[in-house]
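Listed below are the residues making up each chain.
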Amino acid sequence: MPQVRVRFAPSPTGFFHIGSARTALFNWLYARHTGGVFVLRIEDTDKERNTEEFLNVIYDSLTWLGLNWDEGPKAGGGFGPYRQSERAPIYREYLAKLQAAGRTYEKDGAVYFKISGEPQVIDDAIRGRVERTEEKDFVICRSDGNPVFHFVNVVDDITMQITHVIRGEDHLSNTSKHTELFKAFGAPLPVYAHIPLILKQNGPGKMSKRDQGALVEEYQRRGFLPEALVNFLCLLGWSPKDDSEKMPIAEIIRRFDLPGINQTNARFDEKKLAHMNMTYLLEQPADRFVALARDYFQGQNVTAATAADPAYFRAVMLLSQPKIKGVEELPAYTVYFFIEDFPVDARVRDKVMAKGDPQARLRELAAALTTADFSSDTALEETIKATAAKNGLGFGDYQAVARLAVSGTNVGPGITGMFRVLGRERVLRRIERFLGAA
RNA sequence: GCCCUCAUCGUCUAGAGGUUUAGGACAGGAGAUUCUCAAUCUUCAAACCGGGGUUCGAUUCCCCGUGGGGGCGCCA
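The rules we used
- Residues numbered from 1 in each chain as written.
- Chains lettered and ligands numbered in written order.
- Predicted model: local features only at pLDDT ≥ 70, side-chain atom pairs only at ≥ 80, totals over all residues.
- Heavy atoms only, no water.
- Helix = DSSP H or I, 4+ residues; strand = E, 2+ residues; numbered from the N terminus.
- Rg over C-alpha atoms; globule rule 2.2 N^0.38 Å.
- Buried < 20%, exposed > 50% of the residue type's maximum accessible area, 1.4 Å probe, protein only.
- Contact = heavy atoms within 4.5 Å.
- Lys, Arg positive; Asp, Glu negative; His and termini not counted.
- Charge placed at Lys NZ, Arg CZ, Asp CG, Glu CD.
- Near = heavy atom within 4 Å.
- Polar contact = N/O pair within 3.5 Å; in protein donor to acceptor, adjacent residues only side chain to side chain.
- Nonpolar A, V, L, I, M, F, W, Y, C, P; charged D, E, K, R; others polar.
- Pairing = 2+ DSSP bridges.
- Axes fitted to C-alpha atoms, helices over the stretch in contact; angles between N-to-C directions.
- 1 Å grid on protein atoms, 1.4 Å probe; cavity = no way out; pocket = protein on both sides within 12 Å on 5 of 7 lines; lining within 4 Å.
- Points joined across faces, edges and corners; volume = space filled by probe spheres on them.

### Focus on the overall build of chain A
Now for step 1: Each helix and strand in chain A was counted, giving 18 helices and 11 strands.
Now for step 2: Relative to its length of 438 residues, chain A is extended, with a C-alpha radius of gyration of 30 Å against a globular reference of 22 Å.
Now for step 3: Seen through its C-alpha atoms, chain A measures out along the principal axes to roughly 100 × 45 × 40 Å.
Now for step 4: By the burial criterion, 50% of the 438 residues in chain A qualify as buried.
Now for step 5: Of the contacts made within chain A by residues no fewer than 6 positions apart, 73% connect residues no fewer than 24 positions apart.
Now for step 6: Charge-centre separation for chain A: the mean point of 56 positive side chains lies 2 Å from the mean point of 56 negative side chains.

Structure representation (structure tokens):
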């Protein structure tokens with residue numbers, strides 16, 4: 001069997017859609033699974049301004065997702081050029097073939113392709129036999145001389161020797177146009193695999209660029225891990241057929257295959273993506289997590305955090321890593337580590353201050369903390385426990401009020417870790433201030 | 001309107017005629033654990049679109065209907 005050659009052929013519109021990402025992913029996975037070639041081809045037959053900038057959106061998103069291409073812009077390859085805007089001579093040559101064969105005619109300046117009208121049958125790798133008869137001749141060259149999508153798409157697939165066309169189901173009805181052209185050129189048909197579409201989360205229809213969460217760059221900006229998004233995306237329309245969900249990319253590559261792809265459209269579920277992302281976040285090595293967090297804080301312009309001592313920033317992030325669901329929670333989750341005038345949750349304050357004599361407990365604790373060893377969680381724990389035990393109380397009777405005084409909330413990492421990272425000076429100063437204010 | 005396509009819990013899916021009281025995951029409910037909050041663990045609730053066939057037997061095969069999605073551009 002000849003080497004598999006698949007392609008991903010986006011058009012530079014300035015957006016990289018989540019559906020495009022999955023199409024790219026499935027192509028890439030199939031290439032990697034079979035040891036084939038993943039081609040990136042840019043369909044820029046519409047001359048638009050800022051094309052370079054729009055191209056970068058594609059390159060950046062693919063690169064971020066880890067979908068490296070073997071042939072294409074920047075990568076080179078023996079079947080270039082890989083931008084349709086640079087392939088005009090090839091299109092002219094192929095147009096001439098059709099003209100010579102008498103398969104074209106002009107009307108109003110546009111070139112039409114004369115269809116055969118024969119039923120077009122494909123054996124789709126996902127859907128099986130699909131038959132459709134094209135009924136009308138169609139334009140392959142606009143009156144301004146530029147060739148049209150259906151034409152260039154087929155010419156490129158022929159000249160780039162694409163063996164498998166893995167694309168969205170929205171192209172299924174177009175396929176009869178394409179097979180008409182393949183046959184007119186006397187070229188063998190590629191294997192088609194029409195993958196189901198991704199439907200928008202709420203409301204009817206497929207996901208479009210304007211829908212919430214539709215753009216890949218959004219996840220990048222929000223600090224998602226690309227491998228989590230990839231893992232989530234591959235499960236939208238494909239299944240390993242057992243209960244596996246979280247899988248390293250090597251395993252996905254090994255198990256991925258065309259027959260494993262479903263035929264049903266999948267609804268995008270951001271909650272499940274968030275969960276997948278969390279499971280990946282939890283296991284990230286310290287350096288990567290801290291770097292991810294730093295990028296996010298920088299992107300959000302949280303200067304109090306980014307200007308903080310790097311070692312301190314790192315300690316705060318590592319303390320928070322096991323507690324959060326996503327990097328975007330970090331700024332709010334860690335505010336009090338970086339500023340002194342942190343917000344105080346009134347409801348929590350009222351609740352905590354309502355029972356017993358919290359001020360007295362806090363005062364005792366502060367006294368004990370003056371000499372405590374702040375370098376060790378266990379030492380701090382012992383200090384709190386001992387203070388509580390003196391009064392026949394428990395750890396919990398002390399941590400709530402201490403937490404309130406030091407962080408202004410009841411949400412956060414363990415109190416001992418929080419104390420350790422904040423350090424004696426901050427902790428005592430905040431308790432003093434709190435007691436003074438109360 | 002015409003054409004193509006799909007149909008299992010709210011969502012993503014497993015299931016390829018009997019092994020199914022239809023399994024897993026997310027979300028939701030309850031509980032356990034814990035210094036708070038998460039995480040984690042246990043647990044509960046939750047689905048085979050309808051009607052005909054085929055068959056000893058259909059979630060699984062066929063047909064029709066219904067519903068969803070897509071396509072019918074000198075967009076890609």
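### Let's talk about the protein's contact with RNA strand B
Now for step 1: Around RNA strand B, a shell composed of 60 residues is seen, among which Arg-142, Lys-241, Lys-323, Gln-399 and Asn-410 lie nearest.
Now for step 2: Each atom of RNA strand B within 4 Å of the protein belongs either to a base or to sugar and phosphate, the latter forming 72%.
Now for step 3: Between RNA strand B and Lys-323, the relevant distance is 2.3 Å, taken from a base nitrogen to a side-chain nitrogen or oxygen of the residue.
Now for step 4: Taken together, the elements giving at least two residues each to the surface near RNA strand B come down to β6 (128-133), α4 (149-159), β11 (266-267), α9 (270-282), α17 (395-407) and α18 (415-437).
Now for step 5: With five residues, the top contributor of residues to the surface near RNA strand B is α9.
Now for step 6: Each residue belonging to the surface near RNA strand B can be placed in one class, and the counts come to 18 nonpolar, 20 polar and 22 charged.

### Remarks on the side chain of Ser-407
Now for step 1: Structurally, the position occupied by Ser-407 is in helix α17.
Now for step 2: Residue Ser-407 is classed as buried on the basis of its relative accessible area, which comes to 2%.
Now for step 3: Those residues in contact with Ser-407 that sit more than four places away from it in its chain are Tyr-336, Phe-342, Pro-343 and Met-418.

### Here we look at the sheet that holds strand β3 (residues 104-107)
Now for step 1: Across the sheet, which stays open at both edges, the three strands sit in the order β3-β4-β7 with antiparallel pairing between neighbours. Looking at which strands have only one partner, the edges of the open sheet turn out to be β3 and β7 (138-141). Between one strand axis and the next, the sheet turns through 45° on average, direction left out of account.
Now for step 2: In the sheet, strand β4 (residues 110-113) pairs with β7 via three bridges, with the strands oriented antiparallel. Opposite Val-111, over in β7, you have Cys-141 as the bridge partner.

### Brief notes about the layout of surface pockets
Now for step 1: Estimated volume of the largest pocket: approximately 880 Å³.
Now for step 2: If you go around the largest pocket, you meet 36 residues; those closest to its centre are Ala-9, Pro-10, Ser-20, Asp-170 and His-171.
Now for step 3: Of all the elements in the fold, those that place two or more residues in the lining of the largest pocket are β1 (5-8), α1 (18-34), α4 and β8 (164-168).
Now for step 4: With five residues, α1 is the single largest residue contributor to the lining of the largest pocket.
Now for step 5: Looking at the lining of the largest pocket residue by residue, the classes come out as 12 nonpolar, 13 polar and 11 charged.
Now for step 6: Around the second largest pocket, the lining is made up of 15 residues, and of these Lys-351, Val-352, Lys-355, Gly-396 and Ala-400 lie nearest the centre.
Now for step 7: Elements with a minimum of two residues in the lining of the second largest pocket: α14 (346-354) and α17.
Now for step 8: Per element, the largest residue contribution to the lining of the second largest pocket is five residues, and it comes from α17.

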